[in-house]
Amino acid sequence: MMKQRLRLCIACMAALLWQQAIAQNIQWTTSGDAYYKAENGEIARYTLPGFTHETVVEKAKLIPAGSSAPLKVRSFSFSADGKKMLIYTNSQRVWRRDTRGDYWVLDVASGKLSQLGKKQPAASLMFAKFSPNGEQVAYVSRHNLYTENVATGAVKALTTDGTDRLINGTFDWAYEEEFDCRDGFRWSADSKHIAYWQIDARAIRNFLMINNTDSIYSFTVPVEYPKVGEDPSACKVGVVDVSSGKTSWMQVPGDTRQHYIPRMEWAANNTEIILQQLNRKQNESHVFICNIATGAAKQVITETSKAWIDVKALPADEAAGWEWLHDGKDFLWVSEKDGYRHIYLVSRDGKSEKLATKGNYDVISINAIDDKTGNVYFMASPYNATQQYLYRINANGSGDSVRLSPATQPGTHGYDVSPNGMYASHSYSNINTPGTRDWVRLPAHEVIKSNGVRAVSRVVVSPATFFQVTTEDGITLDGWMVKPLHFDSTKKYPVLFTVYTEPASQTVRDAYGAAYNGLYTGSLANDGYIQISLDGRGTPAPKGTAWRQAIYRNIGRINIRDQAMAAKKILEWPFVDSSRIAVWGWSGGGSTTLNLLFQYPDIYKTGIAIAAVANQLTYDNIYQERYMGIPQENREDFVKGSPITYAKNLRGKLLLIHGTGDDNVHYQNAEMVINELIKNNKVFQLMVYPNRTHGIYEGEGTSEHLASTFTEFLQRNCPGGGR
């Protein structure tokens, strides 16, 4: 439940978005020595290392017939020969991202501009992409898959059975939310076939949200939502012959309603696809290569875990692409089977594998692969789990990994590496240093152009410092702290803890913005608050598998105890006022806030819980079953980890905040915990935002009101300043 931008605590949003911005903005040429950019209403190409500018598409070519204004380009791509451009515009939001809209094809030489899917509803096309030969474009509209001939405009429906519940070429709510699966089809290299997912969500029940404000009579807003314990949507993969329109279904073993297929790609040829299957509990992973003619599935990798296995053993992040090497003879795979997240080179038949990244450290992400040399560029931080750096290793496992990020820049780095590994767009920051962006030549990390320091709209009035605290259980947690401005060690100050603590996000990162609270109106440091955040077991820090998976079947218990026991040690510091201890969090952090207030009322006196899961039995099956198991088998774990179980213990001041339009963490969570608090005569405050989603930002004045509410409650119940 905690991967998307809207689900992360405000304190770490800025840092995460800054580091991710690199990967979202650079569109490299296939040669890797240039990139395209939309600017000033035109499309330009910059060639490195001199950044020679060339206009590829003039503004006039982007003006449709009968219009005086050019298209507003949201994104674009070129055909393989570079002669045609596909333009995405008029984008609309689908759950979390703007993934549907209108698409146009431009013939770069002639300037002919044609809209695709004219007979489809406006802004209904999704994930359009050129065939490799550039003759056709495939896209999804209203849950069916189409091709359109670029020259003639002829449209062909490759599927016709699509509905809002039988989904071809894209995904349902749960797959998108928890696996980041959105684009659900792939062209073969010879342009003759398309492999695609079909999700059958017809058996998934609707969760009904109620809209009371947009009409005199209220109405329901249905969301297809598989609660934990409910069977998943059935999932299968088909390959359609573009010419005949006939689909062949891959014969992946097992019950289609008791497994997930979060990754699928062509297997480096035109006759096979490769896919990853997870069982429902997500503790068994199988990789199959499937023959598209017969559908026969051959298993090449299998792996089991006592806890769970992540998609490709990396946190889900647009799980597209399969890293092939040696002309399709080998591929890269990531596994935690030796206790750390490592990269392996696996032969196509799965009979041979080599460990590429050796040592007691975790790979954080794979950033690029140079097929010619076999070099793999990846992020890691072997010695400090709050940071990340770029490393390079050869996939054959020979030699040691080499750190490419400069030793003079401790902190968090981000890279978009060119296809040949020669250049990269690079970002860098640390918790007290605003981000810088530059272009570097690899492997020397030579700066060839600097884009300067990121503009910041706030002034850091008090620097953050890192520390570690070891609990009475022998667990050492990383933390950051921001002391009040004009700190006086002879006085005692209130503490505001920022929490998250679940498997999808770290709050303790050495990145600019990680210690920033965007919900407080004014300055916490100026107003005399100590700010602290701690990452305990279960958070996705690169500290090894045992650290991350200690939380299995223990969400709401082990992560809560780690926080409380660390806070107990912090309360021994002479400058901490134990009578003024506050905690806040959003989503998973909101759940943590409730659990801390309810389970450890002697420590935490004030809490602000936003969009919290109060009852783990209300959340979706993919997330909850991955980390907690299936409630039909171990319901007691869900009960013991849920805040409502302990609501009767509340003694401090609580502000509960939720949006009634939250399709992710449903408002029913707020009502369930409200009932428990009422039953036990516990006085609290409630702020409800009508029809707002999980991010609570829609509507005029919403963000300002949320910040004002947060600030007033904190100041009134946990006043700042030294005493």
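Please read all numbers here as calculations on a predicted model, not as lab measurements.

Each value, and the rule that gives it
- Residues numbered from 1 in each chain as written.
- Predicted model: local features only at pLDDT ≥ 70, side-chain atom pairs only at ≥ 80, totals over all residues.
- Heavy atoms only, no water.
- Helix = DSSP H or I, 4+ residues; strand = E, 2+ residues; numbered from the N terminus.
- Rg over C-alpha atoms; globule rule 2.2 N^0.38 Å.
- Buried < 20%, exposed > 50% of the residue type's maximum accessible area, 1.4 Å probe, protein only.
- Contact = heavy atoms within 4.5 Å.
- Areas by Shrake-Rupley, 256 points an atom, 1.4 Å probe, with all protein chains shown as cover.
- Lys, Arg positive; Asp, Glu negative; His and termini not counted.
- Charge placed at Lys NZ, Arg CZ, Asp CG, Glu CD.
- UniProt positions renumbered as here; feature names shortened; annotations may be inferred.
- Pairing = 2+ DSSP bridges.
- Core = buried A, V, L, I, M, F, W, Y, C linked by side-chain atoms within 4.5 Å.
- Axes fitted to C-alpha atoms, helices over the stretch in contact; angles between N-to-C directions.
- 1 Å grid on protein atoms, 1.4 Å probe; cavity = no way out; pocket = protein on both sides within 12 Å on 5 of 7 lines; lining within 4 Å.
- Points joined across faces, edges and corners; volume = space filled by probe spheres on them.
- Nonpolar A, V, L, I, M, F, W, Y, C, P; charged D, E, K, R; others polar.
- Salt bridge = Lys/Arg side-chain N within 4 Å of Asp/Glu carboxyl O.

A.B. asks: Help me understand the overall build of the protein in this model?
C.D. replies: Within the protein, the secondary structure is distributed over 9 helices and 43 strands. For the protein, the C-alpha radius of gyration of 26 Å lies close to 27 Å, the compact-globule estimate for 723 residues. Overall size of the protein, expressed as C-alpha extent along the three principal axes, is 75 × 60 × 60 Å. Residues counted as buried form 59% of the 723 residues belonging to the protein. Taking as baseline every contact in the protein between residues at least 6 positions apart, the subset at least 24 positions apart corresponds to 59%. Surface accessibility of the protein: about 28,000 Å² in total, with carbon and sulfur atoms responsible for 49%. Taken as two groups, the 77 positive and 73 negative side-chain charges of the protein have centres that lie 2 Å from each other.

A.B. asks: Explain the UniProt feature "domain: Peptidase S9 prolyl oligopeptidase catalytic" (unreviewed entry) in the protein to me, please; I cannot follow it from the model alone.
C.D. replies: Mapped onto this numbering, the UniProt entry annotates "domain: Peptidase S9 prolyl oligopeptidase catalytic" (unreviewed entry) at residues 523-717. Spanning residues 523-717, this segment combines 39% helix with 17% strand, and its end C-alpha atoms are found 17 Å apart.

A.B. asks: Quick question: what am I supposed to make of the pairing of strand β34 (residues 433-441) here?
C.D. replies: Every regular strand shows the same layout, with side chains that alternate between the two sheet faces. One ladder, built from 7 bridges, connects strand β33 (residues 423-430) with β34; its direction is antiparallel. Each bridged residue has a counterpart across the sheet, and for H426 the counterpart in β34 is D438. Between β33 and β34, which follow one another and run antiparallel, lie 2 residues. The pairing of β34 with strand β35 (residues 446-453) spans 5 bridges and is antiparallel. The residue bridging R441 from the neighbouring strand is E446, located in β35. Between β34 and β35, which follow one another and run antiparallel, lie 4 residues, and H445 among them has a positive phi close to 60 degrees.

A.B. asks: Is there a simple way to explain the environment of G544 in this structure?
C.D. replies: Residue position: G544 is located in the loop between β39 (530-535) and α3 (545-549). Residues G544 and Y340, 204 residues apart in the sequence, show an inter-C-alpha distance of 4.8 Å. Not counting residues up to four positions away in its chain, the partners in contact with G544 are G339, Y340 and D362.

A.B. asks: So what exactly am I meant to see when it comes to the nonpolar core here?
C.D. replies: Note that soluble globular proteins tend to have their nonpolar side chains buried in a common cluster. Core analysis: the biggest nonpolar cluster contains 47 residues, and F497, I532, L534, F598 and Y604 have the highest contact counts within it. Not counting chain neighbours up to four residues away, the residues in contact with L534 comprise F467, V469, L477, D478, G479, F497, T498, T507, V508, Q563, A566 and I570. By size, the runner-up hydrophobic cluster in this structure holds 46 residues, among which are V228, V252, I261 and Y619.

A.B. asks: Explanation requested: the sheet that holds strand β38 (residues 493-498) in the structure shown.
C.D. replies: Whether parallel or antiparallel, the strands of a sheet pair through hydrogen bonds between backbone atoms. With mixed pairing, the 8 strands of this open sheet are ordered in space as β36-β37-β39-β38-β40-β41-β42-β43. Where the open sheet ends on each side, the last strands, each with one partner, are β36 (464-470) and β43 (685-689). The sheet shows a mean angle of 20 degrees between the axes of neighbouring strands, taken without regard to direction. Pairing analysis gives 5 bridges linking strand β42 (residues 653-659) to β43, with the strands arranged parallel. Bridging across to β43, L655 finds its partner in Q685. Docked against the sheet, helix α9 (residues 702-717) engages β38, β40 (576-586), β41 (606-610), β42 and β43, running at close to 175 degrees with respect to β43.

A.B. asks: Hey, could you run me through empty space enclosed by the protein in this one?
C.D. replies: Rolled over the atoms, a probe as big as a water molecule pinpoints where empty space is left. In total, this model carries 2 cavities of 30 Å³ or more according to the counting rule given. In this structure, the largest cavity encloses a volume near 80 Å³. Lining the largest cavity are 16 residues; nearest its centre among them are E502, I555, S591, Q616 and G641. Going through the elements one at a time, α4 (558-570) and α5 (588-599) are the ones with two or more residues in the lining of the largest cavity. By residue number, the principal contributor to the lining of the largest cavity is α5, which donates 4 residues. The class makeup of the residues in the lining of the largest cavity is 5 nonpolar, 10 polar and 1 charged. Lining of the second largest cavity is provided by D172, A174, Y175, P226, P232, S233, Y260, N621 and I622. Secondary-structure elements contributing two or more residues to the lining of the second largest cavity are α2 (173-179) and α6 (621-628).

A.B. asks: Even after reading the chapter, I still don't get the pattern of salt bridges, so can you show me in this structure?
C.D. replies: When the charged atoms of two side chains lie near each other, side chains of opposite charge can form a pair. Counting across every chain of the model gives 33 salt bridges. In this structure, R557 engages D637 in a salt bridge whose closest nitrogen and oxygen atoms are separated by 2.9 Å. Taken together, the residues span a long stretch of sequence, with R557 in the loop between α3 and α4 and D637 in helix α7 (residues 631-641) at a distance of 80 residues. Judged by its relative accessible area of 23%, R557 falls in the partly exposed class. Linked by salt bridges that have partners in common, K129, D183, R186 and E265 make up one network.

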